[in-house]
Amino acid sequence: MNANARERRRLLAALERARDARQALAAARRWRVHANDRAAAELYERFRGALRGGTARLSRLARGGRTLARFAATPYARAVAQRMAGLLAHLRGQPRAARAPLERAASSLAACGRWLEAGDTYRTLVDVAMHLDLDTAARAYARRAQACYARARHADPRRRGSLEMNVGNLYHRRDRFERALEAYTRARGAFRRYGERWRWAEAEYNRGNALAALDRTSEARGCYERALRAFRAHGLDTLVAQSQFALGELDLVEGRFESALERLAQAREQHARLGDGIGAAHCELQLAETLLRLNRPADALGPARRALAVFRRRGMKTETAAALAALAGAALRGGRPAAAARRLRDAIAIHRRCGNPVAGAKLETELAHAECRRGAPEEAERILRRARRVFRSRGLRIHEARALLGAAEAAFARGELAVARRRAWGALGLLGRRAHPRLELLARFLLGKIEERAGRRAEAYRQLRLAEARVERLRRGLLAEENRLAFAADKIELYEALILDRLRRGTAKAVREALRYAERCKARALAEALAAAGEGPETWIREPPGRMLAGRLTKLEQALAVAESRLEDARAPRGLRAARARRLDTLTDQRLNVLRRLGRVDPQAAQLVGAAPPDPELVMARLDARELVLEYVEAGGWLHLFAITREDVQAFPWLVRRGEVEAAAERLRFLLGKGALGEEHLGRFGELFGARLRAALERFYGWLLAPVEDRLEGRHVRIVPHGPLHALPFHAFEREGRSLVERATVSYVPSLSVVALLADRAAASTGTPVVLGVPDRAAPAIADEVARIRRRFPAARILCGSRASWSTLAQAGRRAGVLHVASHGFYSGARPWDSALRLGDSWISLRELYTLPRTAELVVLSGCETGRGTVYSGDEWVGLVRAFLRAGARAVVAALWEVHDRSASVLMDAFYGELAAGRSVAEALAGAQRALRRQQPLPLRWAPFIVVGDPRLRLAAAEAA
């Protein structure tokens, strides 16, 4: 290093160390002879090297640049100083302050022939202009940057790639996604040529954003996944978390809710580990909004509150409003409209201050709904008038129709039927022909209620049927389990209205129509799982044409989910919104056509992937002569009963109010839980306890079974419960000391559709029985239970203690005809997915059990509360039993309350004895329960177990030997 270089470095070091302008000036005077263009270039290199650090060092370097330019007095040195000042302002989030010095710097650098540096400065100006929403200026800066690079001799691909990234961002902000995609693709090619793989991944990630905006979700997913792999390889954890978040959002758009929840949770944890509170808060907000879409408001509260706290603390106004809206949605669905209204008013006020009237008007539509719910329809109408003006002024017809529909509901609440009717028809006119199926559904349903109140029942029924046709167009199959479980969150009331209309009509034809609507009211996720047996449609649809159609249907389902999620995008141009509405309608028609074609090839498969359930009369024809199906349904706050045999359907409407049953069911479960207090407690209070329990069981018998008492004797009764009736022991309901199980054989099934599925299956189980036993101090009699089963089945494979592991359960179930698990069970009502089964190595949660690829045809869960479950919207029932049914079990025996292990041992011995004698699983359990009841009359001991699924299942002769 020569003397000049050493002196120049001392000058630069002194300028960087200077604490204020005076010290910088002294340093420049001392080494003024070395204050030249070369020193300015080296000072800028130091500045560029410090860009990834804090702004304190950058501030010192920028001040040094100004001082150096004063003594150098050259255009280049002044341009460098201006460039550093502009970049510093840009990094501090001050784009207005950055623009002027950067413009002067770029112009001076070009005049000096420093084309690369001028191009880089113009490239920075593109980003500055985008922050200022100056699209025209940004395009001009991009053209100048390209011109500068064209004149430079050594413009490396990295620079061109960075410019293309900025250009792509510019087009993306202006919703010109095709042009953005072209720019990102050019950037990707430039970074690939330069060998900068992480920048290539960044361009690939941006390509994914553009493709997702163009609804090309499959291609977008590929881009995100490739970018994610590259970011992981380079240890770029922040970008890894962003990619996980992007994939989660894509899952949401495609209706893959299970995967979305998992990815968003992973992204949240990654951001939290990195100390990125804002990134974690964005994930929390998206999680809350997803849980609301799945009709799980209680689960959404926590993430929404955590997101709100972060956004408020950081002063992020738009995000704060979104978190408030999520909290309002949870409150409204949780039955707290006053709390929802407060949150929504706060969010609306934020949007107004931020100058976003459309977002505020959308929330005002929700606010009006909350005001109607809290009994203030006049206030709701005033709010909706303001929202409609905003939507009309911007040509947002779908949003205007939603607001007008809300105004119709407000008029209906006030009893102004003519006004309500006119507004509902006006909303339909705004929507046009099939432009928005969900809103058309709501409008038709409201018209049905209006006509019903006006006494025009024929017209009311016509409108309700038109609304129901919309439901069937919207119903999905083949998508994520969580999506199917959320079905009917906004449609149950419609089906209830149809059921009530037909029950009031009362004719034989009307009763069968009411039963058909009761079946359509249910979600179909369990029916699909039973048929699929844990496998995809390509394996359980037998014929090649059916498989091809099922594959086509899967793609259409995903495209429909994307089209529907984009339908209400207020930012999209009017022409694009209209095109999306047409695409949604076209895709829906295509889906229905594929379903019809599949129905001709394989009718059962068509039903399982989204077609309407079979007509009840077709199911009735397949019942045995001794079978009686008792299907319960809720409508209008009352429980109703359909008694179904091979010959006819009889309705018993208005049995009992739902609220009365719910309260009584809670008291009954409280009594059934007394067994956990032990033998001493039951010995002291047994007589009083027994009297109370019998009184409760007699009350339920009077409500739910007395209307069909004359039909029960000697029958096989299949109970189809609904809502609060799930997990109630119908077989133990009694009258005059005689329980239902003494009158009939009893089993349980989720729906009439599942009855039809089970009727197609063989009725014999084959394979070696596998018994898993996990005894401990709390349940020592489990060892005796296992020993009794071993005596019944000498060839059975017995695995106890640590050998009864999760891997054993997963592997043995594939080959076993019978899988018996004697262990502890745990049911979580608040968080059903945390319900678990105790095995030798750990507790296995319901979520883990859902990964079972295959299991035995008969599964016996001899543990506490293994038959409990949570009822989701659409009367879908989620619990441990469901996990085994969806893995291929044809029948599951499980317990509804805490089991006494010695009683369970005796019962199971008798149950397997009956099975070995050739009786069906339902007959065997009924025989065992009758025998135990004679020894221990208290239902707490003999009645906890039920059969769910196929009651006709028998053991093959080889197993029973």
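Coordinates for the structure precede this section.
So, here's what we can say about the structure.

Cut-offs used in this document
Residues numbered from 1 in each chain as written. Predicted model: local features only at pLDDT ≥ 70, side-chain atom pairs only at ≥ 80, totals over all residues. Heavy atoms only, no water. Pairing = 2+ DSSP bridges. Helix = DSSP H or I, 4+ residues; strand = E, 2+ residues; numbered from the N terminus. 1 Å grid on protein atoms, 1.4 Å probe; cavity = no way out; pocket = protein on both sides within 12 Å on 5 of 7 lines; lining within 4 Å. Points joined across faces, edges and corners; volume = space filled by probe spheres on them. Nonpolar A, V, L, I, M, F, W, Y, C, P; charged D, E, K, R; others polar. Axes fitted to C-alpha atoms, helices over the stretch in contact; angles between N-to-C directions. Parallel < 35°, antiparallel > 145°, perpendicular 65-115°, else oblique. Left-handed = near helix turned anticlockwise from the far one by under 90°. Contact = heavy atoms within 4.5 Å. Buried < 20%, exposed > 50% of the residue type's maximum accessible area, 1.4 Å probe, protein only. Expected span 1.5 Å × (residues − 1).

To continue, consider the sheet that holds strand β12 (residues 825–826). A sheet is described by the order of its strands in space; here three strands give the open sequence β12-β13-β14, paired in antiparallel fashion. A single partner strand is all that each edge strand has here, and the edge strands are β12 and β14 (843–845). The sheet contact formed by β12 and strand β13 (residues 836–838) spans two bridges and is antiparallel. Note that in β13 the partner of Gly825 across the bridge is Leu837.

Moving on, we come to the layout of surface pockets. The calculated volume of the second largest pocket comes to roughly 1,300 Å³. Lining the second largest pocket are 27 residues, with Arg48, Leu51, Arg123, Ser162 and Arg199 sitting closest to its centre. The set of elements that each furnish at least two residues to the lining of the second largest pocket consists of α3 (37–49), α5 (75–91), α7 (115–131), α9 (157–173) and α11 (197–213). In terms of residue count, the dominant contributor to the lining of the second largest pocket is α9 (six residues).

Before going further, it helps to examine empty space enclosed by the protein. Taken as a whole and judged by the stated rule, the model has three cavities of 30 Å³ or more. In this structure, the second largest cavity spans a volume of roughly 110 Å³. Lining the second largest cavity are 13 residues, and of these Pro721, His726, Tyr748, Trp877 and Val948 sit closest to its centre. Here the lining of the second largest cavity is built from residues that sort into eleven nonpolar, two polar and no charged.

Our next topic: the packing of helix α4 (residues 55–72) against α5. In the contact formed by α4 and α5, the axes pass within 8 Å of each other and the chain directions differ by 160°. If you check the angle between α4 and α5, you find them roughly antiparallel. The chirality of how α4 crosses α5 is left-handed. Facing Thr55, Leu58, Ser59, Leu61, Ala62, Gly65, Arg66, Ala69 and Ala72 of α4, the residues of α5 in contact are Ala77, Arg78, Ala81, Met84, Leu88 and Leu91. The residue makeup of the contact of α4 with α5, split by class, is ten nonpolar, three polar and two charged.

Counting through the fold element by element, Pro853 comes out in the loop between α40 (846–849) and β15 (858–862). Taking C-alpha positions, Pro853 is 9.7 Å from Phe884, a pair spaced 31 residues apart along the chain.

With that settled, the discussion passes to the environment of Ala407. You can see Ala407 is positioned in helix α21 (residues 397–413). With relative accessibility at 3%, the residue Ala407 sits in the buried group. Between the C-alpha atom of Ala407 and that of Glu381, which follows or precedes it by 26 residues, the distance is 5.5 Å. Not counting residues up to four positions away in its chain, the partners in contact with Ala407 are Glu381, Leu384 and Arg423.

Okay, the packing of α3 against α4 next. Contact pair α3 / α4: the axes reach a minimum separation of 10 Å and the direction vectors enclose 170°. Of the possible angle classes, the one that applies to α3 and α4 is roughly antiparallel. For the pair formed by α3 and α4, the contact residues are Ala39, Ala40, Leu43, Arg46 and Phe47 on the first element and Arg57, Leu58, Leu61, Ala62, Gly64, Gly65 and Leu68 on the second. Per-class residue counts for the contact of α3 with α4 are eight nonpolar, two polar and two charged.

This paragraph deals with the pairing of strand β4 (residues 716–720). With five of five residues buried, β4 is to be regarded as a mostly interior element. Relative to β4, strand β1 (residues 627–635) is paired through five bridges, and the arrangement is parallel. Bridged to Leu630 within β4 is Ile719. Pairing of β4 with strand β7 (residues 745–748), which is carried by four bridges, proceeds in the parallel orientation. Within the sheet, the bridge partner assigned to Arg718 lies in β7 and is Ser747.

For helix α23 (residues 437–453), which comprises 17 residues, the first-to-last C-alpha distance of 24 Å matches the rise-based estimate of 24 Å (1.5 Å per residue) to within 8%. Across the 17 residues that make up α23, a large majority, twelve, are buried. Of the residues making up α23, those classed as buried are Pro437, Leu439, Glu440, Leu441, Ala443, Arg444, Phe445, Leu446, Leu447, Gly448, Ile450 and Glu451. Note on α23: the residue one or two positions beyond its end, Gly455, has a positive phi of about 85°.

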